[in-house]
Amino acid sequence: MWSSDALRRIRDDRPERRAPRGRRRLASLALLASPVSIGALTLWANAGTPGLAAADLAPRPAVPTLAPPATPRRTVELTLTAAPARLSLQPGAATDVFAYNGQVPGPTLDLREGDSVIVHFRNRLPEPSTIHWHGIVLPFIADGSPFHPVPPGGQHDYVFTIRRGTAGTYWYHPHPDHRTSYQVSKGLYGAIVVRAADDPLPRSLPEKLLVLSDNRFLADGSLDLPDPHSPGGRLDAENGREGDVLFVSGAIRPTLTIRSGEVQRWRVINASAARVYRLALPGHVLLQIGSDGGLFERPVEREEIVLGVGERAELLVRGTGAPNTRAVLRALPYDRYIPQTRPVDWAEPRDLLTLQYTTEAPTTPVALPAVLRRVPALDTTLVTATRVMVLTQHLINGKGMDMGRVDVSTTLGATEIWEVENLVGMDHPFHLHGFQFQVLDRNGVPEPYRAWKDVVNVPRHETARFIVRYDGYPGKWMYHCHILDHEDHGMMGVLEVKPSVEH
Ligand code: C2O
Ligand code: CU
Ligand code: CU
C-alpha cells in the first residue's frame, strides 16, 4: 500500500559540499503505523502517539482546493529539535549557535503536494521558540506564530497538509515574540521544497538549493550579537542586522559545477535577517521561472534578480559558458538604507558562489517549455475592502504590535486589496501569513506578470498594492515587516479571519 512511499528521508541539499562529520544528519523519521480516520481525512498516526485533536486538523477552506489525490496520500513525519550547539560555521573557528537537529541551516524538508506533514518540534533552547512555515497555507495552530510559543523544554506537534497547486520553495524559522532576529542569527532556519506531480520542467534538470544568509562574528569566533541598548545594538534595530560573512546553504563561497550547455534549476531563498540580494551571474542571462508561491505562467529573462528579505526565486541557469571556464554569482549593491545608517561598504559587490564549468564537451541544451502553468488572476470585481497599511519606522498605521489587539477583521473567502505605503526612507519587506497574494502594481506600475507571493518588498517612499483571497483557514494571522529586527520591535499587526457564515 503506502509502505515505501511513506518512508521519507530529509535530504540535505547543500550545494556541492559535504558538511563536516556530525553536522550532516538525517532528521529522525518514524515509520508510521496504523491508519486513523478523522472525518474525511485519513492520516496515519504514530503508534503510541496520543490521537491528534480533530480541531487541529479540520481544514475549512471556503472553496475546496484539495483535489482528490490521484495516489494515496503520503504522510511525512519528522522531529526537529532546536538546541544549542557548537559548530564550525567559518573555517578554523568554532561558534556557539542554535541549531535544528545539530545543523545550520536545518534539514531541508523535501515535500510533495498532498503530503500530510507531522513535525514533532522539541524546544531544547533556554528560551521560548516556535517553528513558522513561511509561506505554507496551513491551520492557525500550525503556523508557529507568536500566539503559540513553545516554552524551553516543551514540545509541539505541527500538523498540516500541503495543498495542491502550491509547489514551490519555502522556508522555516522561529517566530517567538521579540526574539526572531536573535534566534535566526543564532542559526535557526531551513529550507522547504514542495514538488508537484505535474511539474512542467524536465525532470533531468540538475537542481540546486541556495539558502542565502549572512552573519557577523567577533574575533574569538563568537557571533556578534550586541546588547540591544549599545550603539551597535541600536544600529541593528534601525537597519536590521546584517553580517559581512555571506553563506550559501551554510558554506562560504562554495563552488557549483555545470557542464557547458547544461541547464540547471536553482531554488534561491533569502533567509537573511535584513540583507537584500541583487543577484547577477555575469556572462549569463538568468531565466526566472517562479517566486515565493511557485512557478510563473512563463519564464522571464533577467539580467539580475532582486530578492528581498524572506523572498524566494526559482530560476534556470543555462550553461552558455565554454568548458573549463568559470563564472561568479554576485550580490550587487542594493541601497535599501537611510543615509545616516547606511553601511560604509554597502556599494561593494559581493561574491556568493563560483560556477565552475567542467572540461566535458558541450552538451545539447534540453528543450524548455514556453508555458509553465496557469496562475489564475484573482478577481478584482469581488473585492470587498481595501486595507491601507502605512509603514513608518517600526510602526504600521502608527501602531506597534499588540497581541491582544485585532488590527484587521475579515471573513474567510473574502477578496481584498492591501495598499502598503512606505512613508520612510528605507525599504520594508511586507509579509502576510496564512495566504498567498498577487501583486497588482508597484507605485502605480502594473506588475508585468502574475505570481503567487507572500512577501513584497516596498522600497523607500513607494507604494505596493496586492490582492488576496482568504481561501485558507480561519485564525489570527500576522502581517509584518520581514526585516526581523523591525518585526521584533513591533512592526507587525494581526489579521483576524473569521469562519464565513455559510461554513
Ligand atoms: Cu517568515 Cu512572520 O515570517
Ligand atoms: Cu511567514
Ligand atoms: Cu522594516
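Since the structure is predicted, the reported quantities are computational estimates derived from the model, not experimental observations.

Cut-offs and rules
- Residues numbered from 1 in each chain as written.
- Chains lettered and ligands numbered in written order.
- Predicted model: local features only at pLDDT ≥ 70, side-chain atom pairs only at ≥ 80, totals over all residues.
- Heavy atoms only, no water.
- Helix = DSSP H or I, 4+ residues; strand = E, 2+ residues; numbered from the N terminus.
- Buried < 20%, exposed > 50% of the residue type's maximum accessible area, 1.4 Å probe, protein only.
- Core = buried A, V, L, I, M, F, W, Y, C linked by side-chain atoms within 4.5 Å.
- Donors = N, O, S within 2.8 Å, 3.2 Å for Na, K, Ca; no water.
- Pairing = 2+ DSSP bridges.
- Axes fitted to C-alpha atoms, helices over the stretch in contact; angles between N-to-C directions.
- Phe/Tyr/Trp six-rings, centres within 6.5 Å; stacked < 30°, edge-to-face > 60°.
- Contact = heavy atoms within 4.5 Å.
- pLDDT = per-residue confidence, 0-100.
- Lys, Arg positive; Asp, Glu negative; His and termini not counted.
- Salt bridge = Lys/Arg side-chain N within 4 Å of Asp/Glu carboxyl O.
- Polar contact = N/O pair within 3.5 Å; in protein donor to acceptor, adjacent residues only side chain to side chain.

1. Focus on the overall build of the chain
For step 1, the next point in the chain: Secondary structure assignment for the chain yields 5 helices and 33 strands.
For step 2, the next point in the chain: Here the chain holds 503 residues, and the buried ones make up 56% of them.

2. Things to note about the nonpolar core
Nonpolar side chains in soluble globular proteins tend to end up buried together.
For step 1, the next point in the chain: Within the largest apolar cluster, 30 residues are counted, with the highest numbers of intra-cluster contacts made by Trp 418, Phe 430, Leu 432, Phe 466, Tyr 479 and Leu 495.
For step 2, the next point in the chain: The set of elements that each furnish at least two residues to this core consists of β23 (383-392), β26 (415-422), β27 (428-432), β28 (437-442), β30 (455-458), β31 (463-469), β32 (475-481) and β33 (492-498).
For step 3, the next point in the chain: Judged by nonpolar contacts, the second largest core, of 28 residues, contains Ala 82, Tyr 100, Phe 121 and Tyr 170.

3. Things to note about the coordination of the copper ion (ligand 2)
Note on metal sites: the ideal angle is 109.5 degrees for four tetrahedral donors, and 90 or 180 degrees for six octahedral donors.
For step 1, the next point in the chain: All of the protein donors around the copper ion (ligand 2) are His 132 (NE2) and His 431 (NE2); their distances to the metal are 1.9 Å. Residue His 132 is found in strand β8 (residues 132-134), and its partner His 431 is found in strand β27; the two are separated by 299 residues along the sequence. The pair formed by His 132 and His 431 is uniform in burial state, with each residue classed as buried.

4. A closer look at the sheet that holds strand β21 (residues 326-332)
For step 1, the next point in the chain: Spatially, the 5 strands line up as an open sheet ordered β14-β22-β21-β16-β19, and their pairing is mixed. Here the strands that pair on one side only, and so sit at the sheet edges, are β14 (255-258) and β19 (305-307). Each adjacent strand pair in this sheet contributes to an overall mean axis angle of 25°, direction not counted.
For step 2, the next point in the chain: Two strands pair when backbone bridges link them, and β14 and strand β22 (residues 350-357) are joined in this way by 4 bridges, in the parallel orientation. By the bridge assignment for β22, Thr 257 is matched with Gln 356.

5. Regarding the sheet that holds strand β18 (residues 294-302)
For step 1, the next point in the chain: One open sheet holds the 6 strands; their spatial order is β13-β12-β15-β20-β17-β18, and the pairing between them is mixed. Bordering the open sheet on either side are β13 (245-248) and β18, each of which pairs with just one other strand. Across the sheet, the mean angle separating the axes of adjacent strands is 25° when strand polarity is ignored.
For step 2, the next point in the chain: Here strand β17 (residues 286-291) pairs with β18 via 5 bridges, running antiparallel.

6. Quick notes on the packing of aromatic side chains
For step 1, the next point in the chain: The final tally for this structure, using the stated rule, is 18 aromatic pairs.
For step 2, the next point in the chain: Here the aromatic rings of Trp 133 and Tyr 158 are separated by 5.5 Å at their centres, their planes lie at 75°, and the arrangement is edge-to-face. One end of the pair, Trp 133, is in strand β8; the other, Tyr 158, is in strand β9 (residues 155-161), with 25 residues separating them in the sequence. By the burial criterion, Trp 133 is buried, and Tyr 158 matches it.
For step 3, the next point in the chain: Between Trp 133 and Tyr 172, the aromatic rings sit 5.6 Å apart at their centres with planes inclined by 40°, giving tilted as the arrangement. Taken as a pair, Trp 133 in strand β8 and Tyr 172 in strand β10 (residues 168-173) lie far apart in primary sequence, 39 residues in all.

7. Overview of the environment of Pro 128
For step 1, the next point in the chain: Summarising the element assignment, Pro 128 is placed in the loop between β7 (116-123) and β8.
For step 2, the next point in the chain: Residue Pro 128 is classed as partly exposed on the basis of its relative accessible area of 41%.
For step 3, the next point in the chain: Sequence separation between Pro 128 and Pro 174 is 46 residues, and the spatial gap between their C-alpha atoms is 9.6 Å.
For step 4, the next point in the chain: Leave out the neighbours within four places in its chain, and Pro 128 touches Asn 123, Pro 149, Val 150, Pro 151, Pro 152, Pro 176 and Gln 183.

8. With respect to the confidence of the model for the chain
For step 1, the next point in the chain: Averaged over all residues, the pLDDT of the chain equals 88, while 85% of them reach at least 70.
For step 2, the next point in the chain: Across residues 1-69 the pLDDT falls below 50, and counting only partners more than four positions away or on other chains, this stretch makes 138 contacts in the model.

9. A short note on unusual backbone geometry
A negative phi angle characterises most non-glycine residues, just as the trans form characterises most peptide bonds.
For step 1, the next point in the chain: Note that the residue after Val 104, namely Pro 105, is joined by a cis bond; omega there is -10°.
For step 2, the next point in the chain: For Pro 105, the position within the fold is in the loop between β5 (93-100) and β6 (109-112).
For step 3, the next point in the chain: The phi dihedral of His 178 is positive, around 70°, even though this residue is not glycine.
For step 4, the next point in the chain: Mapped onto the elements, His 178 comes out in the loop between β10 and α3 (180-185).
For step 5, the next point in the chain: Phi is positive for Asn 443, close to 50°, though the residue is something other than glycine.
For step 6, the next point in the chain: On the secondary structure map, Asn 443 appears in the loop between β28 and β29 (445-446).
For step 7, the next point in the chain: Judged by relative accessible area, Asn 443 falls into the partly exposed class, the value being 43%.

10. Some remarks on the environment of Leu 440
For step 1, the next point in the chain: As for its placement among the helices and strands, Leu 440 is situated in strand β28.
For step 2, the next point in the chain: On the basis of relative accessibility, which here comes to 23%, the residue Leu 440 falls in the partly exposed class.
For step 3, the next point in the chain: On a C-alpha basis, the gap between Leu 440 and Ile 467 in space is 6.6 Å, while along the polypeptide they are 27 residues apart.
For step 4, the next point in the chain: Residues contacting Leu 440, with those up to four places away along its chain left out, are Thr 380, Ile 417, Val 445, Pro 446, Glu 447, Arg 465, Phe 466 and Ile 467.

11. Some remarks on the side chain of Asp 143
For step 1, the next point in the chain: Within the secondary structure, Asp 143 is located in the loop between β8 and β9.
For step 2, the next point in the chain: An unpaired buried charge is present at Asp 143: no salt bridge exists, and Arg 312, the closest side chain of opposite charge, is 12 Å distant.
For step 3, the next point in the chain: A polar contact of 2.7 Å, which involves the side chain of Asp 143, links it to the side chain of His 433.
For step 4, the next point in the chain: For Asp 143, the contacting residues outside a window of four places in its chain are Ile 131, His 132, Trp 133, Leu 138, His 433 and Trp 477.

12. Some details on the pattern of salt bridges
For step 1, the next point in the chain: Following the criterion strictly, the structure yields 31 salt bridges and no others.
For step 2, the next point in the chain: For Arg 253, the salt bridge identified is with Asp 351, shortest N-O distance 2.8 Å. One end of the pair, Arg 253, is in the loop between β13 and β14; the other, Asp 351, is in strand β22, with 98 residues separating them in the sequence.
For step 3, the next point in the chain: You can call Asp 351 partly exposed: its relative accessible area is 28%.
For step 4, the next point in the chain: Between Arg 265 and Glu 314 there is a salt bridge; the shortest N-O distance is 2.8 Å.

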